[in-house]
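Coordinates in review
The residues making up each chain are set out below.
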Amino acid sequence: MKITQRKLLALLESTFNPEGDIHFLAIAEKQIQVHEKERPVHQVRVALTFQEGDTLNLYYDGTDLFVLMGEDNIQFTLEKEWTDGPPTIEGSPIEFALGWVAELAEPFYVSPEALAAAETNNHPRYCNNPQGNSYQEESEK
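Now for a description of the structure that goes with this document.

1. Here's the deal with the overall build of the protein chain
For the protein chain, the helix and strand inventory stands at four helices and seven strands. Listed N to C, the secondary structure of the protein chain is α-β-β-β-β-β-α-β-α-β-α in terms of helices and strands. For the protein chain, buried positions account for 43% of its 141 residues. Sequence-distant contacts, at least 24 apart, represent 57% of the contacts inside the protein chain between residues at least 6 apart. As displayed, the protein chain has an accessible area near 8300 Å², and 48% of this comes from carbon and sulfur atoms.

Below you can see the structure in the form of structure tokens.
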């Protein structure tokens with residue numbers, strides 16, 4: 001995982017998980033807008049569920065949000081686009097979380113639970129199959 005992705009994960013954790021009862025299933029980001037004088041805007045797709053002790057809720061919620069990413073600072077932007085209203089995906093089985101996140105970009109964060117659920121669902125991109133296309137976490141950069 002890249003340093004900027006670690007910083008993004010830390011921002012998401014501190015913002016959405018202050019109580020420690022949220023479990024991130026998968027996260028992807030993609031640069032969508034570049035301005036010469038401003039930092040680039042990135043779309044971030046997040047699938048999460050609630051966790052009580054060691055037990056995960058079997059359903060997830062997912063949404064797209066937007067951040068400005070610089071070398072030393074990440075901050076939310078375009079809040080009106082994503083803070084009002086319900087999540088984009090609400091109450092879907094967790095076996096579909098990884099596939100939904102991957103529709104935006106290759107996930108940089110995948111929990112073991114999301115990977116196991118995707119494999120159970122035989123998601124062609126993430127299951128262990130003869131073509132060898134199972135998900136491998138990106139090495140440190």
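2. Details of the nonpolar core
In terms of nonpolar packing, the biggest core is built from 21 residues, with Leu 12, Ile 27, Val 44, Val 46, Leu 65 and Val 67 touching the most fellow members. Those elements that provide at least two residues to this core are helix 1 (3-16), strand 1 (22-33), strand 2 (41-52), strand 4 (59-69) and strand 5 (74-77). Tallying contributions element by element places strand 4 first for this core, with five residues. Excluding anything up to four places from it in sequence, Leu 65 contacts Leu 12, Phe 16, His 42, Gln 43, Val 44, Val 46, Phe 76 and Trp 82. Counting residues in each nonpolar core, the second largest holds 16 residues, with Ala 47, Val 101, Leu 104 and Ala 118 among its members.

3. Re helix 1
End to end, helix 1 covers 20 Å across 14 residues, agreeing with the expected 20 Å (1.5 Å per residue, within 8%). Taken together, the buried positions of helix 1 are occupied by Gln 5, Leu 8, Leu 9, Leu 11 and Leu 12. When helix 1 is viewed along its axis, its buried side chains cluster within an angular range of 160° and face the same direction. In helix 1, those exposed residues whose orientation departs by more than 90 degrees from the buried face are Ile 3 and Ser 14. Those residues of helix 1 that are buried lie in contact with strand 1, strand 2, strand 4, strand 5 and strand 7 (109-110).

4. Focus on helix 4 (residues 112-120)
Listed in full, the buried residues belonging to helix 4 are Ala 114, Ala 117 and Ala 118. Along the axis of helix 4, the buried positions cluster into a sector of 100°, meaning they face one direction only. Among the exposed residues of helix 4, those pointing more than 90 degrees away from its buried face are Pro 112 and Thr 120. Residues of helix 4 that are buried sit in contact with strand 1, helix 3 (97-102) and strand 7.

5. Notes on the pairing of strand 1
Taken together, the 10 bridges between strand 1 and strand 2 define a ladder with antiparallel strand orientation. Across the sheet, residue Phe 24 finds its bridge partner in strand 2, namely Leu 48. Sheet topology note: the strand 1/strand 7 ladder contains two bridges and is antiparallel. Opposite Ala 26, over in strand 7, you have Val 110 as the bridge partner.

6. Observations regarding the packing of aromatic side chains
Using the criterion set out here, one finds three aromatic pairs in the structure. Arranged with centres 6.1 Å apart and planes meeting at 75°, the rings of Phe 16 and Phe 76 form a pair that is edge-to-face. Placement of Phe 16 in helix 1 and of Phe 76 in strand 5 is noted, with a sequence separation of 60 residues between them. Among the aromatic residues, those joined into a ring-pair cluster are Phe 16, Phe 76 and Trp 82.

Criteria and cut-off values
Residues numbered from 1 in each chain as written. Predicted model: local features only at pLDDT ≥ 70, side-chain atom pairs only at ≥ 80, totals over all residues. Heavy atoms only, no water. Helix = DSSP H or I, 4+ residues; strand = E, 2+ residues; numbered from the N terminus. Buried < 20%, exposed > 50% of the residue type's maximum accessible area, 1.4 Å probe, protein only. Contact = heavy atoms within 4.5 Å. Areas by Shrake-Rupley, 256 points an atom, 1.4 Å probe, with all protein chains shown as cover. Core = buried A, V, L, I, M, F, W, Y, C linked by side-chain atoms within 4.5 Å. Expected span 1.5 Å × (residues − 1). Arc of directions from axis to C-beta. Pairing = 2+ DSSP bridges. Phe/Tyr/Trp six-rings, centres within 6.5 Å; stacked < 30°, edge-to-face > 60°.

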